Amino acid sequence: MNILGYAQKLGKALMLPIATLPVAALLLRLGQGDLLDIPFMANAGGAIFDHLPLLFGLGIAVGLSVDGAGAAGIAGAVAYFVVTATAKTIDDSINMSFFGGIFAGIIAGHSYNAFYKTSLPQWLAFFAGKRLVPIMAGLFSLIAGAILGVIWPPIQGGLDALAHAISSSGSIGQFAYGVLNRALIPVGLHHVLNSYFWFGMGSCQEVVVHGAHAAAKALPSLTKLCVDPSIAKSLVVGDMHTFQFKNVVTPEVTAVVDRVTDIVKTGDLNRFFGGDLSAGTYMNGFFPVMMFGLPGAAFAMYLAAPKEKRTEVGGILFSVAFCAFLTGITEPLEFLFVFLAPALYAIHAVFTGLSLVIANMFGTLDGFGFSAGLLDFALNWGLATKPFTLLLIGIAFFFLYFFTFSFAIRFFNLKSPGREEDPSAAPSPADKGHVPATDNGILAKQYLKALGGHANLANIDACITRLRLTVNDTSVIDEKTLKHLGAMGVVKLGENNLQVILGPLAEIIAGEMNTISPDEDLSDVTLP
């Protein structure tokens, strides 16, 4: 498998542990004192965040295994414990954070694929097959942990230096991250970038406090803070301390320290929910884009379409725009124009970087457990800094996207939904009255046939919005039919890796395709 194809597979595997974040954020937020005030609920959500590296090991191992077996997940846990314990024994300063989970998941996933069918002599038969996988993963992890114990400290120092450079670069780092985040969407590698910023960049140590005040204002619901580990070491339990936070409206918080925990939070997302009042720098700017900017772009594309085609494109444009606004799932909308008009997508990427810069310039801070949609925005209103200001920025971005897209489409005569020269590129599934099957089983057979059947597919997988396929021959793929079936786009990664953008239906269709027998005759399946 080529590097790009493997990175695609790893990015998909990352989605399994990341999918736990919505429930973690929901429990953690609802359990806080300013909402339901249920400590066990808050601690339950916090426990998921605290063990996220372990979940990375489990999820990536399952995601990389050939059949998604639970045995791979067990091996992932074994590998994580062995890798981290071994490395930390060699050098106690090591903190691999989510990288430890990624290493463990990769080792365990490949160990499963290599040994899950292995036979052993009869007197060792009990340990054959899948039972052998955790054993081999543990042995490989012991070697990996010993190597990492030696080489990881300088790598960790380099990553810390990189994090410091990015965070201290201010607007430049924020803009670059926003642009890269969107630029990697078409190839599905944005999750790899996000993982570092949200789960690995920067760290803080949890401190339990009471009597918190900020600028003479009591903060009765604030019972935990997350501060720089070097500061945490100097705190005296029982004393009143003043904590400094960067990039916030109220940079100083005074509180009595009850306990300094051993819990270290890493990454912008973990620190935001962990009590670091300066976290959210690399999440806040996505709210204006996902909730307002892209819907503004969709409205512009709707009005730019010929009047006779607005009914045709309006339904899909408004449905994907509402999806972006409510949930923050933007790929179905982005893939409606990324290949039709790359220039519009380039503008979108630049605007995303600009949004992060402006959101931080106005002192806003916000975070999300899933994505930057209305659900997360409303849920985390009480945790956010200046959320109303962020809302106003979002409204401004609606008009920025709307007027920019409207002007660019008309002035440069760019393609957009409804304005395609080639009808086969249209996002609408209609073709001479044909409407794709509403039954997912039938639709899956149609997609399978358009992809060349089981004989052409070496692997069928999916993430939230896209089929991730390993194919034997890309030349037999019928892209025109795929688009008429409802696909928003087709992305080729090298000679044998293919992504089909379907929106939230992707995982359902992938599951249905995997249940179709390789021997089933698809000749009677009707295609548009």
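For every chain, the first residue of its written sequence is number 1, and the numbers climb from 1 along that sequence. The predicted origin of the model limits local features to residues at a pLDDT of at least 70 and limits the giving and counting of side-chain atom pairs to 80 or more, whereas totals for whole chains, interfaces and linings rest on all residues. Heavy atoms throughout the structure, all of them, feed into the side-chain values; hydrogens and water do not.

Put simply, the rule is: UniProt positions are given in the numbering used here, feature names are shortened, and annotations may be inferred rather than shown by experiment.
As named in an unreviewed UniProt entry, the chain is PTS N-acetylmuramic acid transporter subunit IIBC, taken from Vibrio eleionomae. The record in UniProt for the chain states the following under Subcellular location (unreviewed entry): "Cell membrane".

## Regarding the UniProt feature "active site" (unreviewed entry) in the chain
Quick reminder of the rule: Runs of E in the DSSP output that reach at least two residues are strands. Runs of H or I that reach at least four are helices, and both are numbered from the N terminus. Whether two residues are in contact is decided by their heavy atoms: any pair within 4.5 Å suffices.
The UniProt record annotates "active site" (unreviewed entry) at Cys-463. In this structure, Cys-463 sits in the loop between strand S6 (457–462) and strand S7 (466–471). Residues contacting Cys-463, with those up to four places away along its chain left out, are Lys-12, Met-15, Arg-468, Ala-506 and Glu-507.

## Structural notes on the packing of aromatic side chains
Basically, it comes down to this: Pairing of aromatic side chains here covers Phe, Tyr and the six-membered ring of Trp, requires ring centres within 6.5 Å, and sorts the geometry by plane angle: under 30 degrees stacked, over 60 edge-to-face, intermediate tilted. Look at NZ for Lys and CZ for Arg. If either is within 6 Å of the ring centre and within 35 degrees of the ring normal, a charge sits over the ring.
In this structure the tally under the stated criterion is 38 aromatic pairs. Residues Tyr-112 and Tyr-116 carry aromatic rings whose centres are separated by 4.7 Å and whose planes lie at 10 degrees to one another, so their mutual orientation is stacked. The ring of Phe-126 carries the charged tip of Arg-131 above its face, separated from the ring centre by 4.5 Å. The residue whose ring lies beneath Arg-310 is Tyr-302, and the NZ or CZ to ring-centre distance is 5.9 Å.

## What about the UniProt feature "domain: PTS EIIB type-1" (unreviewed entry) in the chain?
In the numbering used here, UniProt assigns the "domain: PTS EIIB type-1" (unreviewed entry) feature to residues 441–523. Taken as a whole, residues 441–523 contains 31% helix and 27% strand, while its terminal C-alpha atoms sit 16 Å from one another.

## Regarding the domain arrangement of the chain
Condition: All domain edges in this entry derive from an automatic or database-based domain assignment.
Segmenting the chain into domains produces domain 1 (3–198), domain 2 (203–266), domain 3 (285–412) and domain 4 (440–515). If you average the C-alpha positions of domain 2 and of domain 4, the two centres end up 50 Å apart.

## Here's the deal with the state of the cysteines
So the rule is basically this: Cysteine sulfur atoms that pair up within 2.5 Å are treated as a disulfide.
The final tally for this structure, using the stated rule, is one disulfide. Here Cys-204 connects covalently by a disulfide to Cys-226, the sulfurs 2.0 Å from one another. Because the sign of the S-S torsion sets the handedness, a value of about 90 degrees for the bond joining Cys-204 and Cys-226 places this disulfide among the right-handed ones. Taken together, the positions of Cys-204 in strand S1 (residues 203–214) and Cys-226 in strand S3 (residues 224–227) put the pair 22 residues apart, joining distant regions of the chain.

## Re the packing of helix H12 (residues 286–304) against helix H17 (residues 387–411)
The following threshold applies: In this analysis an axis means a line fitted to C-alpha atoms, helices contributing only their contacting stretch, and an angle means the value between N-to-C directions, from 0 to 180 degrees. Working definition: roughly parallel below 35 degrees, roughly antiparallel above 145 degrees, roughly perpendicular at 65 to 115 degrees, and oblique for all remaining angles. Each crossing gets its hand from how the near helix is turned against the far one by less than a right angle, where anticlockwise is left-handed and clockwise is right-handed. For this classification, Asp, Glu, Lys and Arg are treated as charged, while Ala, Val, Leu, Ile, Met, Phe, Trp, Tyr, Cys and Pro are nonpolar and the rest, including Gly, are polar.
In contact at an axis separation of 7 Å, H12 and H17 are set at 30 degrees when each is read in the N-to-C sense. The angle between the axes of H12 and H17 places the two elements in the roughly parallel class. Crossing of H12 over H17 shows right-handed handedness. The residue makeup of the contact of H12 with H17, split by class, is 22 nonpolar, four polar and one charged.

## Here's the deal with the pattern of salt bridges
Oppositely charged side chains may form a pair once their charged atoms are brought near each other. Cut-off, in case you're wondering: A carboxyl oxygen of Asp or Glu within 4 Å of a side-chain nitrogen of Lys or Arg is what we treat as a salt bridge.
Scanning all chains against the criterion turns up nine salt bridges. Close ionic contact of Lys-265 with Asp-50 constitutes a salt bridge, the shortest N to O distance being 2.4 Å. With Lys-265 in strand S5 (residues 252–266) and Asp-50 in helix H3 (residues 39–50), this residue pair connects regions lying 215 residues apart in the sequence. Put simply, Lys-224 and Glu-206 hold a salt bridge, and the shortest N to O gap is 3.8 Å. Here Lys-224 is found in strand S3, whereas its partner Glu-206 is found in strand S1, with 18 residues between them in sequence. Via salt bridges that share partners, Asp-50, Glu-206, Lys-224 and Lys-265 belong to a single interconnected network.

## Description of the packing of helix H5 (residues 70–90) against helix H7 (residues 132–168)
It is at 7 Å that the axes of H5 and H7 come closest, and there the two elements cross at 25 degrees. Compared by their axis directions, H5 and H7 come out roughly parallel. The way H5 lies across H7 gives a crossing that is right-handed. Each of Ala-71, Ile-74, Ala-75, Val-78, Ala-79, Val-82, Val-83, Thr-86, Ala-87 and Ile-90 in H5 lies in contact with H7, whose residues at this interface are Val-133, Pro-134, Ala-137, Gly-138, Ser-141, Leu-142, Gly-145, Ala-146, Leu-148 and Gly-149. Within the contact of H5 with H7, the residues separate by chemical class into 15 nonpolar, five polar and no charged.

## Details of H3
Keep this limit in mind: How far a helix is expected to stretch is found by multiplying one less than its residue total by 1.5 Å.
For H3, spanning twelve residues, the distance from its first C-alpha to its last is 16 Å, which sits close to the expected 16 Å at 1.5 Å a residue. Contact partners of the buried residues in H3: helix H2 (21–30), helix H4 (52–64), S5 and helix H11 (268–274).

## Looking at a nonpolar patch on the surface
To keep it simple, the criterion reads: Two distance rules govern patches: like charges are joined within 9 Å, and nonpolar side chains (Val, Leu, Ile, Met, Phe, Trp, Tyr) within 5 Å, applied only to residues with over 30% relative accessible area and no salt bridge. Surface exposure here means Shrake-Rupley accessible area, sampled with a 1.4 Å probe, where a residue is shielded only by the protein chains that are shown. Buried means the residue's accessible area, taken with a 1.4 Å probe over protein chains only, is under 20% of the maximum for its type, while exposed means over 50%, and partly exposed covers the values in between.
Taken together, the side chains of Ile-90, Phe-140, Ile-143, Ile-147, Val-150, Ile-151 and Ile-155 present a nonpolar region at the surface, about 610 Å² in accessible area. Within the element layout of this structure, Val-150 appears in helix H7. On the basis of relative accessible area, Val-150 is assigned to the exposed category, the value being 59%.

## Re the sheet that holds S6
As a general point, the strands of a sheet are linked pairwise by backbone hydrogen bonds and lie either parallel or antiparallel. Keep this limit in mind: For two strands to count as paired, DSSP must find a minimum of two bridges between them.
Sheet architecture is open: four strands sit in the order S6-S7-S9-S8, paired in antiparallel fashion. The open sheet terminates on both sides in strands that have one partner only, identified here as S6 and strand S8 (489–493). Put simply, the sheet's adjacent strands are angled 20 degrees from each other on average, direction ignored. With five bridges joining them, S6 and S7 adopt antiparallel strand pairing. Its bridge partner being in S7, Leu-457 is matched across the sheet by Val-471.

## Let's talk about the nonpolar core
Keep this limit in mind: Nine residue types can take part in a nonpolar core, namely buried Ala, Val, Leu, Ile, Met, Phe, Trp, Tyr and Cys, and a core is a set of them joined through side-chain atoms within 4.5 Å.
With 52 residues, the main nonpolar core has Phe-56, Phe-197, Trp-198 and Phe-199 as its most contacted residues. Here this core spans two domains, since at least three of its residues come from each of domain 1 (3–198) and domain 3 (285–412).

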